[in-house]
Amino acid sequence: METPLLSDWIVIGAGITGLRAALTLAKTAEVALITKEEASESNTHYAQGGIAVAMGGAEDVELHAQDTIHAGDGLVFERAAHLLVEEGPARIAELLAWGTNFDREGDGLGSLMRTREGAHSLPRILHANGDATGKEIGRALLQCAQHESHIHLYERLTTRDLVVRDGRVVGVHALDAAGKPLLFVARGVLLASGGAGQVYSDTTNPLVATGDGIAMAYRAGAEVSDMEFYQFHPTALSVPGAPRFLLSEALRGEGAVLRNHRGERFMERYHPMAELAPRDVVARAIMHEGVGERPGEALPVYLDMRHVTGKDLHARFPGISSCLHSYGLDLARDLIPVRPAAHYLMGGVRTDLFGRTTLPGLYAAGEVACTGVHGANRLASNSLLEGLVFGARAAETMLKEGSHGEAPIAAEKATAAVEEISLPAPEASRVSALRERLRSLMWLHAGLLRDHLGLSALESELHNMRHELPPATTRENAELCNLHTVAELIVASALARRESRGAHARTDFPQHDPGCAKHSRMVRGQIDFIDFY
Ligand code: SIN
């Protein structure tokens, strides 16, 4: 039997949310910060465009709230949106004090530069090193965390399942890089494990984004919400054989336009804001323009910046330029082929505005959580802000609630839950083939456009696949099981929502149904719709 690793709190995930939360928790408590890869590898690291924040006073803040609510297509929980934008400026001031270098006007000492992205009424997106905003924020936060003696960083650990004792989450089972089982025990657990883009074959997300937190929480009996709302970023690189590298919305903020295979600019036909329309609208327009007349014929769609003069695009977007260069493309001179790819999950583990899930001892914040702040479609560059604001709120709540609890929860109770893992290791090639099959089926039937026929066929496929799932004895196996759980949640919620709204587009129910302006909620195989949080 393993000796449990005891801490006051466990934080799973070392992206912006986990790091921000750990810094608050560590003021008065010991924190085990667990991450699946090295600490710098998370969705945060790849966030390009920036972080949206209204720093110009009350009117500015109210406009940011209205843009967030409008983009969310009738489903944003307005109190959450107001908290996000009102608390945002203080969180950014804190980041600046902690050494984050956002881009500035002039020689780098002037005021903060701001760009515009889709569905924002003003330029309010801060950025760093041009298009490496998440990487810079992650760097600064990680540096602070590394100087904090109460934060104990555990890298390259895969979390397998939450430990629930007497109805309370008291720890987590994990595997180290060699597959050795470990048990962590604490007063409570914060999920900050990010999204699940790997559930789709086409995604901008890194390999670590396998929905582990959502799957573990659901298996433990927590409620999840709004899982049908997966945001597809309109412009991922579309070069055969290349990964779906993100081409930031900030490119369109700086003047890029979209053209179809005939060279026509088409977005004005779809929305008055044209290329800066909400993301769901742009993604579907690109998909529509990319369909040829013959069955299965795919037509190219391009991002075009050739007309943008007076800006050094390579200096403004160094990461994107260098990636394009490796495929023989030049941002300033070439048409860049693009297509949508899965990018961000609006749904997740249902929480209140204090990060509390429906399970005592379990908290969640950031992309893994669903506060309702994004509704059916997230406003561009609100996700890093969400991580900061709700990560800090969850940590403050944990400190308040934890000070009344047992300290830490009796380890021997939890230790009894460590089972010896002695099942035979399944063939790695079978596991990876199953993962690829699941991802392709999800793209095909639960992607940008869905209908009853495709979704119900997928539901049965996923049901049959249950019997093929391996025991979670390795990272690859655990990830496959988690992707499968997340896929089932997305499909069940997408089938249940018989309307189109935000990122959820049903070709068999193409309109809004005002009666469906509710949040889906799933727990232990049951689904219903609720009005508000
Ligand atoms: C982008 O740079 O386009 C991504 C930013 C986001 O997802 O909000």
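Predicted model only: the values in this text are computed from it and were never measured.

> Any chance you could explain the site of the ligand here in plain terms?
Close to the ligand lie Gln48, Gly49, His233, Leu246, Ser248, Glu249, Arg279, His343, Arg378, Ala380 and Ser381, which account for all nearby residues. Here an oxygen atom of the ligand sits 3.0 Å away from a polar atom, N or O, in the side chain of arginine 279. In the model, an oxygen atom of the ligand is placed 2.5 Å from a nitrogen or oxygen of the serine 381 main chain. In the complex, 96% of the free accessible area of the ligand, which totals 260 Å², lies under the protein chains. Across the shell around the ligand, the residue classes break down as two nonpolar, six polar and three charged.

> Looking at this structure, how should I read the pairing of strand E8 (residues 168-175)?
Each regular strand shows side chains that alternate between the opposite faces of the sheet. Summarising burial for E8: seven of the eight residues are buried, a large majority. Pairing geometry for strand E7 (residues 158-165) and E8, over seven bridges, is antiparallel. By the bridge assignment, arginine 165 is partnered in E8 with arginine 168. Where E7 folds back onto E8 in an antiparallel hairpin, the turn is made up of two residues, including aspartate 166, whose phi is positive at roughly 50 degrees.

> Is there a simple way to explain the sheet that holds strand E17 (residues 362-364) in this structure?
Through backbone hydrogen bonds, the strands of a sheet pair up, either in parallel or in antiparallel fashion. The strand order across the open sheet formed by five strands is E6-E3-E2-E10-E17, and the pairing between neighbours is parallel. Looking at the sheet topology across the chains shown, the edges are occupied by strand E6 (151-154) and E17. Taken pair by pair, the neighbouring strands of this sheet meet at an average axis angle of 20 degrees, ignoring direction. Sheet topology places strand E3 (residues 31-34) next to E6; four bridges connect them, and they run parallel. Note that in E6 the partner of alanine 32 across the bridge is histidine 152.

> Looking at this structure, how should I read the nonpolar core?
Across soluble globular proteins, nonpolar side chains have a tendency to be buried as a group. Residues Leu191, Val199, Tyr200 and Met442 are the most contacted members of the largest nonpolar core, which totals 60 residues. Looking at which element gives the most residues to this core, the answer is helix H15 (residues 475-496), with 10 residues. Not counting chain neighbours up to four residues away, the residues in contact with leucine 191 comprise Ile12, Gly213, Met216, Ala217, Val349, Leu362, Tyr363, Ala364, Ala365 and Val368. Ala14, Ala29, Ala80 and Ala192 belong to the second largest nonpolar core, which has 45 residues in total.

> Got a minute to help me understand unusual backbone geometry in this structure?
Most peptide bonds are trans, and most residues other than glycine sit at a negative phi. Positive phi outside glycine occurs at arginine 156, with the angle close to 55 degrees. By secondary structure assignment, the location of arginine 156 is in the loop between E6 and E7. According to the relative accessible area criterion, arginine 156 is partly exposed, its value standing at 41%. Here the phi dihedral of arginine 524 falls at roughly 45 degrees; this positive angle occurs in a residue that is not glycine. Tracing the sequence through the fold places arginine 524 in the loop between strand E21 (519-523) and strand E22 (526-530). Its relative accessible area of 57% is what places arginine 524 among the exposed residues.

> Just to check I follow, could you spell out the sheet that holds strand E18 (residues 369-370) for this structure?
The mixed open sheet is built from five strands, whose spatial order is E18-E16-E11-E21-E22. Both outer strands of the open sheet, E18 and E22, are each paired with one neighbouring strand and no more. Note that strand E11 (residues 224-225) and strand E16 (residues 348-350) share two bridges and pair antiparallel. Bridge pairing in E16 links valine 224 to valine 349. Those strands touched by helix H6 (residues 212-219) are E11, E16 and E21, and its axis lies near 40 degrees from that of E16.

> What is the right way to look at the packing of aromatic side chains in this model?
Any aromatic ring pair is given by two values, namely how distant the centres are and how the planes are angled relative to each other. Across all of its chains, the model carries eight aromatic pairs by this definition. For the pair tyrosine 154 and phenylalanine 184, a centre-to-centre distance of 4.9 Å together with 80 degrees between the ring planes defines the contact as edge-to-face. Placement of tyrosine 154 in strand E6 and of phenylalanine 184 in strand E9 (residues 181-185) is noted, with a sequence separation of 30 residues between them. Judged by relative accessible area, which is 1%, phenylalanine 184 ranks as buried. Aromatic pair tyrosine 200 and tyrosine 230: ring centres 5.2 Å apart, planes at 80 degrees, arrangement edge-to-face. Of this pair, tyrosine 200 sits in the loop between strand E10 (188-191) and H6 while tyrosine 230 sits in strand E12 (residues 230-237), placing them 30 residues apart in sequence. Members of the aromatic cluster, each reached through a chain of ring pairs, are Tyr200, Tyr230, Phe232 and Trp443. Sitting over the face of the ring of tyrosine 344, arginine 378 holds its NZ or CZ atom 4.2 Å from the ring centroid. The aromatic ring of phenylalanine 354 is capped on one face by arginine 393, whose charged end is 5.1 Å from the ring centroid.

Cut-offs applied
- Residues numbered from 1 in each chain as written.
- Predicted model: local features only at pLDDT ≥ 70, side-chain atom pairs only at ≥ 80, totals over all residues.
- Heavy atoms only, no water.
- Near = heavy atom within 4 Å.
- Polar contact = N/O pair within 3.5 Å; in protein donor to acceptor, adjacent residues only side chain to side chain.
- Areas by Shrake-Rupley, 256 points an atom, 1.4 Å probe, with all protein chains shown as cover.
- Nonpolar A, V, L, I, M, F, W, Y, C, P; charged D, E, K, R; others polar.
- Buried < 20%, exposed > 50% of the residue type's maximum accessible area, 1.4 Å probe, protein only.
- Helix = DSSP H or I, 4+ residues; strand = E, 2+ residues; numbered from the N terminus.
- Pairing = 2+ DSSP bridges.
- Axes fitted to C-alpha atoms, helices over the stretch in contact; angles between N-to-C directions.
- Core = buried A, V, L, I, M, F, W, Y, C linked by side-chain atoms within 4.5 Å.
- Contact = heavy atoms within 4.5 Å.
- Phe/Tyr/Trp six-rings, centres within 6.5 Å; stacked < 30°, edge-to-face > 60°.
- Lys NZ or Arg CZ within 6 Å of the ring centre and 35° of its normal.

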